[in-house]
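# Fold and contact review
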Amino acid sequence: MSLLDDVSIVVTPNGYKAGELYAVIPSDGAADMDVTRATDATRVDANGLIEQVLANVPRIDYTGGGCPHILIEPQRTNTIAYSEDFSQSYWAKSGVTVSLETTIKSPNGGYNAYKISSGTSGNLNRIAGVTGQTKSIFVRTVSGTGTIGVLSYNGGSASTQNITEEWQRFDVLANSGDTDGTTFFAVDFRNSTLTEVLIFGAQVENGLNATSYIPTSGSTVTRNQDIFTRDGIGSLINSTEGVLFAEIAALSNDGTNRIIALSDGTGNNLVRFYFSTSSSRVVAQVKVGGSTQVTFDITGITVTDFNKVALKYKENDFSIWINGTERGTDVIGTTPTGMNKLAFDDGAGSSNFFGKVKQLQVYDTSLSDT
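Report follows, based on the coordinates.

Definitions and limits used
Residues numbered from 1 in each chain as written. Predicted model: local features only at pLDDT ≥ 70, side-chain atom pairs only at ≥ 80, totals over all residues. Heavy atoms only, no water. Helix = DSSP H or I, 4+ residues; strand = E, 2+ residues; numbered from the N terminus. Rg over C-alpha atoms; globule rule 2.2 N^0.38 Å. Buried < 20%, exposed > 50% of the residue type's maximum accessible area, 1.4 Å probe, protein only. Contact = heavy atoms within 4.5 Å. Areas by Shrake-Rupley, 256 points an atom, 1.4 Å probe, with all protein chains shown as cover. Lys, Arg positive; Asp, Glu negative; His and termini not counted. Charge placed at Lys NZ, Arg CZ, Asp CG, Glu CD. Pairing = 2+ DSSP bridges. Core = buried A, V, L, I, M, F, W, Y, C linked by side-chain atoms within 4.5 Å. Salt bridge = Lys/Arg side-chain N within 4 Å of Asp/Glu carboxyl O.

### Describing the overall build of the protein
When its secondary structure is counted, the protein shows 0 helices and 29 strands. A compact globule built from 370 residues should have a C-alpha radius of gyration of about 21 Å, and the protein, at 23 Å, falls within 12% of that. The buried share of the protein, taken over its 370 residues, is 52%. Pairs at least 24 residues apart make up 65% of the contacts formed inside the protein by residues separated by at least 6 positions. Looking at the protein as shown, the accessible area adds up to about 14,800 Å², and 44% of this sits on carbon and sulfur atoms. Looking at charge distribution, the protein has the averaged site of its 26 positive side-chain charges lying 5 Å from that of its 38 negative ones.

### Some thoughts on the pairing of strand E6 (residues 50–53)
By the bridge criterion, 4 bridges tie strand E5 (residues 41–44) to E6 in an arrangement that is antiparallel. Bridge pairing in E6 places Val-44 opposite Ile-50. Taking the residues between adjacent antiparallel strands as the criterion, E5 and E6 are bridged by 5 residues, where Gly-48 takes a positive phi near 80°.

### Here's the deal with unusual backbone geometry
For the peptide bond that leads from Ile-25 to Pro-26, omega is -5°, which places it in the cis range. Backbone geometry places Asn-316, a non-glycine residue, at a positive phi of 60°. Structurally, the position occupied by Asn-316 is in the loop between strand E25 (307–314) and strand E26 (318–322). Look at Asn-316 and you get partly exposed, because its relative accessible area is 39%.

### Focus on the nonpolar core
The biggest cluster of nonpolar side chains holds 45 residues, and the ones touching the most others in it are Phe-273, Ile-320 and Phe-344. Top contributing element to this core by residue count: strand E20 (residues 241–250), with 4 residues. Listed in part, the 26 residues of the second largest apolar core include Val-96, Ile-137, Leu-194 and Val-204.

### What to know about the pairing of E26
Extensive coverage of E26 is indicated by the burial of 5 of its 5 residues. Where burial is concerned, the two faces of E26 agree: the one with Phe-318, Ile-320 and Ile-322 and the one with Ser-319 and Trp-321 are both buried. One ladder, built from 4 bridges, connects E25 with E26; its direction is antiparallel. Opposite Leu-311, over in E26, you have Ile-320 as the bridge partner. The antiparallel hairpin formed by E25 and E26 contains 3 residues in its connecting segment, where Asn-316 sits at a positive phi of about 60°. Inspection of the sheet shows E26 paired to strand E27 (residues 325–330) by 5 bridges, in the antiparallel sense. Within E27, the position partnered with Trp-321 by the bridge is Glu-326. Linking E26 back to E27 in an antiparallel pair, the connection comprises 2 residues, with Asn-323 at a positive phi of about 55°.

### Quick word on the pattern of salt bridges
Per the stated rule, a full pass over the model turns up 13 salt bridges. The closest approach of N and O atoms between Glu-205 and Arg-76, which form a salt bridge, is 2.8 Å. Linking Glu-205 in strand E17 (residues 196–206) with Arg-76 in strand E9 (residues 76–78), this pair joins segments that are 129 residues apart in sequence. By relative accessible area, Arg-76 is classed as buried at 8%.

That's the geometry; what it means functionally is another story.
Written out as structure tokens, the structure reads:
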């Protein structure tokens, strides 16, 4: 017997259209995820290039290469008004020459990166960023390899980075404790082994991690959060027994709940697991009528890596599996009733999951350990 005989919902980085991510199973569209994001956004396509997608279009992202994932992010604003045009007076230039590069492609596939040239002491900067914000930028050499200061003043918390002929994105938290820690140094040639580099895509955003690139041209730009839900699928969810499984990674280990749940839409009857507010943890719960029946709290998880999490539920028979290993069992508890919703949130529309999803599966029977 195949697992396909027991699975009722399978969602992967697959087909989509505006407002919808198609489920692989069932094939009739009954479990297609509803997708909402009121603004355009970017993703990394199969060729490794940054691509802009329209509002409400789910993002199948290839960052890092290999198989893609579904990218789900919180709302962020790029507070750098000119993220690509470094010739603007908006950017302070101290001992550097700035010119448009017309022979080497930028990370979005265009010819719109800027070459920054200097002797040994110049820099290109902008007063931007405060504690609690993340600064990021793409950098590469024109040719060869070398070192240069990026995002922070010489000797600061980011400072010297190794630069190659491949585009790399560097990021660092703004730190008001550093001298000039809140200044955005696009590049700093002090103590550099290079005399010229290419730069692209400057970004400053509120949050403890860098998210997908938000292009700007003269003003700040906000990208709204991604929301994935599917209501009215009680026929595909067995409230009495089953397995909720996902292969997921968090965007960062930033101390926020990031939840995936089967529920009745109120949060009172649900099966869910999430990366916890406590770092390096996966927590799984089953609730009936608002009363918690089972809680698993698994520590030592690198949440920014992809983890395969399976939560099995059946009356007096609960277990959690992570990456193929059983990490917890409980033989006391009842199961919910009326579950009819699958969502990347707590089951009631809050504590949204933000991260990367390679696969999501729902089984309508409690699978054997094998």
